[in-house]
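Per-entry structural report
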Amino acid sequence: MRYQPSLFLLYFSLIVLYSCKMPEGPVTLSGDVAEAEGWASEIILEGLEHPWALEWLPNGWMLITERPGRMKIFNEESGQLDDVSGLPQIYSDGQGGLLDLLVHPDFERNSLIYFTFALGTEDQNQTAAARAELHGNRLENVEIIFRADPKKSGNQHFGSRMAWLADGSLLISVGDGGNRPKSIDGILSREYAQMLDAHLGKIIRINEDGSIPEDNPFIRQDGALPEIWSVGHRNVQGLTFDKTSGRVWANEHGSRGGDELNLINGGANYGWPVVTYSREYYGLKISRKTSKPGMEDPVIVWTPAQAPSGLTVYHGDVFKEWNGDLFSGGLRGEQVRRIILEGSTVMGEEALTIGHRVRDIRTGPDGYLYLLTAEENGKLIRIIPEAQNK
Ligand SMILES: [Ca+2]
């Protein structure tokens, strides 16, 4: 038969069309949503270099991490912005650098802060967590309390968000180590998310000093790392504990589409890469399955991708209607999603369009929402009621 270019093109197009149809499953895909009402934003600070996380000290001053490896301390009242000294050596490249930040709930007594970062070199690196005492603008007694194993190469998928639980233990997310074809010891990095002898692709739980809680779910299982709390995550970039409901929520990046919001329970498996709504960046399916017995379905799937980042549950007096709702930042979405909850059920979503890549969002001690934008000239922005906007 003579070669028929038009027939070939038709056949090829049909294959591409079929393979790009999004997988179907039990979860409704979230697309565009209506804009939230009654809010405005004001820029508090500009010129932050790829800021990643912000937290408040009990005196109201803010700590801000910058991914290239700096920590800032900011007094909004006086406008004073200083560098914090004494950080450890940090591997800063791509997604790696100085990342998340938490203040110890009992900071006034122990002066402790916690931060995550990429530790090592381009060839051999790992997500690490450290604690240190903060005295003025200076870190002292820096102590690394967690290192994710195995080490990986490259600058992708460190995860590294943290959250305190009610009992004073600490959750830390660890990314799966990188996209296909990235591998470690001949195994695709992403496969480690299902392997209990690796921290990659997990949320782990440790005590405030790095020791391991006795009631961790896999602590008595042979061959399992005792720090593991939940399994099967690709790259959790937002993690929050709701003190009121006792629930833990996490958002994570899919590769192409299929970003997820999950309700996190200790011992549960969130499926990556066995079940996913996500596709390879070049279009093909990663898995035929979006759901499987023994694996948790996401609560929301964002396709197209939001590239979620930063997650907070709002409790405060400034936005009374938003109480109990989740706010999830979006890098690619350049917006914040308000996720309206009733109990653990999602009733709907709204968008707060920011127009910049949103890296972190937190509820301030004053009841306002604060966010960081991810750019080289990153901003600290406060969300205020529209009526307060002059
Ligand atoms: Ca999942």
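Bear in mind that the values here come from a model prediction, so they are computed numbers and not experimental data. All residue numbers refer to position in the chain's written sequence, counted from 1. The model is predicted, so local features are restricted to residues of pLDDT at least 70 and side-chain atom pairs to those at 80 or more, both for listing and for counting; the totals for chains, interfaces and linings are taken over all residues. Think of the side-chain values as coming from all heavy atoms in the structure, minus any hydrogens and water.

**Re the pairing of strand 21 (residues 308-313)**
Put simply, the test is: A 1.4 Å probe rolled over the protein chains alone gives each residue an accessible area, and that area as a share of the maximum for its type sets the label: buried under 20%, exposed over 50%, partly exposed in between. Only DSSP runs of H or I reaching four residues or more are called helices, and only runs of E reaching two or more are called strands; each is numbered from the N terminus. Two strands are said to pair when DSSP picks up at least two bridges between them.
Burial of strand 21 is extensive: six of the six residues sit out of reach of the surface. Pairing of strand 21 with strand 22 (residues 326-330) involves five bridges; the strand directions are antiparallel. Looking at the pairing, T312 lines up with F327 of strand 22.

**Comments concerning the sheet that holds strand 26 (residues 369-373)**
Pairing between the strands of a sheet is mediated by backbone hydrogen bonds and can be parallel or antiparallel. Heads up, the condition is: Where helices are involved, their axes are fitted lines through C-alpha atoms of the stretch in contact, as for all axes, and angles between N-to-C directions lie from 0 to 180°.
With respect to topology, four strands assemble into an open sheet ordered 2-27-26-25, the strand pairing being antiparallel. On the outer flanks of this sheet lie strand 2 (39-48) and strand 25 (358-363), each paired with one strand and no other. Averaged over neighbouring strand pairs, the angle between their axes works out to 20° when direction is ignored. One ladder, built from seven bridges, connects strand 2 with strand 27 (residues 378-385); its direction is antiparallel.

**Some points on the coordination of the calcium ion**
Heads up, the condition is: Only nitrogen, oxygen and sulfur atoms count as donors, using a 2.8 Å cut-off from the metal that widens to 3.2 Å for Na, K and Ca. Water is left out, so coordination shells may look unfilled.
Looking at the metal site, the calcium ion is ligated by E260 (OE), E260 (OE) and Y270 (O), spaced 2.3 to 2.6 Å from it. In this pair, E260 sits in strand 19 (residues 259-264) while Y270 sits in the loop between strand 19 and strand 20 (300-302), placing the two residues 10 residues apart along the sequence. Taken individually, E260 and Y270 each receive the classification buried, so the pair is uniform in this respect.

**Topic: the side chain of S169**
Let me state the cut-off plainly: Two N or O atoms count as a polar contact when they lie within 3.5 Å, although within protein this holds only if one can serve as hydrogen donor and the other as acceptor, and sequence-adjacent residues are included solely when both atoms are side-chain atoms. Whether two residues are in contact is decided by their heavy atoms: any pair within 4.5 Å suffices.
Of note, S169 is situated in the loop between strand 11 (162-164) and strand 12 (170-174). On the basis of relative accessible area, S169 is assigned to the buried category, the value being 2%. At a separation of 2.6 Å, a polar atom in the side chain of S169 contacts the side chain of D167. Excluding residues within four positions of it along the chain, S169 makes contact with A163, W164, R205, I206, N207 and P213.

**A short note on the nonpolar core**
Our working definition: Definition of nonpolar core: a set of buried residues of the types Ala, Val, Leu, Ile, Met, Phe, Trp, Tyr and Cys, connected through side-chain atoms within 4.5 Å.
Counting residues in hydrophobic clusters, the biggest one holds 25 residues, and the most contacted among them are L63, I113, F115, F117 and L134. It is strand 8 (residues 112-120) that contributes the most residues to this core, five residues altogether. Other than its neighbours up to four places away in sequence, L63 contacts A53, L54, E55, L57, K72, I73, V84, L101, V103, I113 and L134. Counting 18 residues, the second largest nonpolar core, distinct from the first, contains L102, Y114, Y192 and A198.

**Section: the environment of E227**
Within the secondary structure, E227 is located in the loop between strand 15 (202-206) and strand 16 (228-231). Using a relative accessible area of 14% as the deciding quantity, one classes E227 as buried. Residues E227 and E108, 119 residues apart in the sequence, show an inter-C-alpha distance of 28 Å.

**As for the domain arrangement of the protein chain**
Test applied: As used throughout, domain bounds are those supplied by an automatic or database domain assignment. Defined in terms of a 1.4 Å probe, buried area is the accessible area two parts forfeit on being brought together, summed over both. We count a salt bridge whenever a side-chain nitrogen from Lys or Arg sits within 4 Å of a carboxyl oxygen from Asp or Glu. Three categories are distinguished: nonpolar for Ala, Val, Leu, Ile, Met, Phe, Trp, Tyr, Cys and Pro, charged for Asp, Glu, Lys and Arg, and polar for the others, with Gly belonging to the last.
With domains assigned, the protein chain is organised as domain 1 (28-47 + 306-390), domain 2 (51-147) and domain 3 (153-298). One C-alpha centre belongs to domain 1, the other to domain 3; they are set 24 Å apart. With 20 residues of domain 1 in contact, the opposing surface of domain 3 contributes 18 residues. Buried area between domain 1 and domain 3, summed over both chains or domains, comes out near 1400 Å², and the portion from carbon and sulfur atoms is 59%. When the buried area of domain 1 at its contact with domain 3 is split by residue, P308, L311 and S344 rank highest and sum to 37% of it. Where domain 1 touches domain 3, the interface holds one salt bridge. Between R161 and D360 there is a salt bridge, and its shortest N-O distance comes to 3.5 Å. At the boundary of domain 1 with domain 3, the tally comes to 10 residue pairs in polar contact (both at pLDDT 80 or more). Elements supplying a minimum of two residues to the side of domain 1 that touches domain 3: strand 21, strand 22, strand 23 (335-342) and strand 25. When the residues that make up the side of domain 1 that touches domain 3 are grouped by side-chain class, the tally is nine nonpolar, eight polar and three charged.

**Observations regarding the sheet that holds strand 5 (residues 70-75)**
Ordered by their spatial adjacency, four strands build an open sheet running 3-4-5-6, and the pairing between neighbours is antiparallel. In this open sheet, the two edge strands, each paired with only one partner strand, are strand 3 (51-56) and strand 6 (80-84). With direction set aside, neighbouring strand axes in the sheet form an average angle of 25°. The pairing of strand 4 (residues 62-66) with strand 5 spans five bridges and is classified as antiparallel. Within strand 5, the residue paired with E66 across the bridge is R70.

**Re unusual backbone geometry**
Between D149 and P150 the backbone carries a cis peptide bond, its omega angle lying at -5°. Position of P150 relative to the elements: it lies in the loop between strand 10 (138-147) and strand 11. With an omega of 5°, the peptide bond between R180 and P181 qualifies as cis. By the element assignment, P181 lies in the loop between strand 12 and strand 13 (183-184). Even without being a glycine, S160 presents a positive backbone phi close to 90°. Relative to the helices and strands, S160 resides in the loop between strand 10 and strand 11. Phi at E334 takes a positive value of approximately 50°, unusual for a residue other than glycine. Position of E334 relative to the elements: it lies in the loop between strand 22 and strand 23.

**Points about the packing of aromatic side chains**
Basically, it comes down to this: Planes of paired rings set the category: under 30 degrees apart is stacked, over 60 is edge-to-face and the rest tilted, where pairs are Phe, Tyr or Trp rings (Trp by its six-membered ring) whose centres lie within 6.5 Å. When the NZ atom of lysine or the CZ atom of arginine is within 6 Å of a ring's centre and also within 35 degrees of its normal, the charge is said to sit over that ring.
For the structure shown, the criterion picks out eight aromatic pairs. Between the aromatic rings of Y114 and W164, the centroid separation amounts to 4.9 Å while the plane-to-plane angle is 85°, which identifies the pairing as edge-to-face. With Y114 in strand 8 and W164 in strand 11, this residue pair connects regions lying 50 residues apart in the sequence. Residues Y114 and W164 agree in their burial class; the two are buried. Residues F115 and F117 carry aromatic rings whose centres are separated by 5.8 Å and whose planes lie at 40° to one another, so their mutual orientation is tilted. Here F115 matches F117 in class, with each residue buried. Each member of the aromatic cluster is reached from another via a ring pair, and the members are Y314, F319, W322 and F327. Positioned above the aromatic ring of F158, the side-chain terminus of K152 is 3.9 Å from the ring centre.

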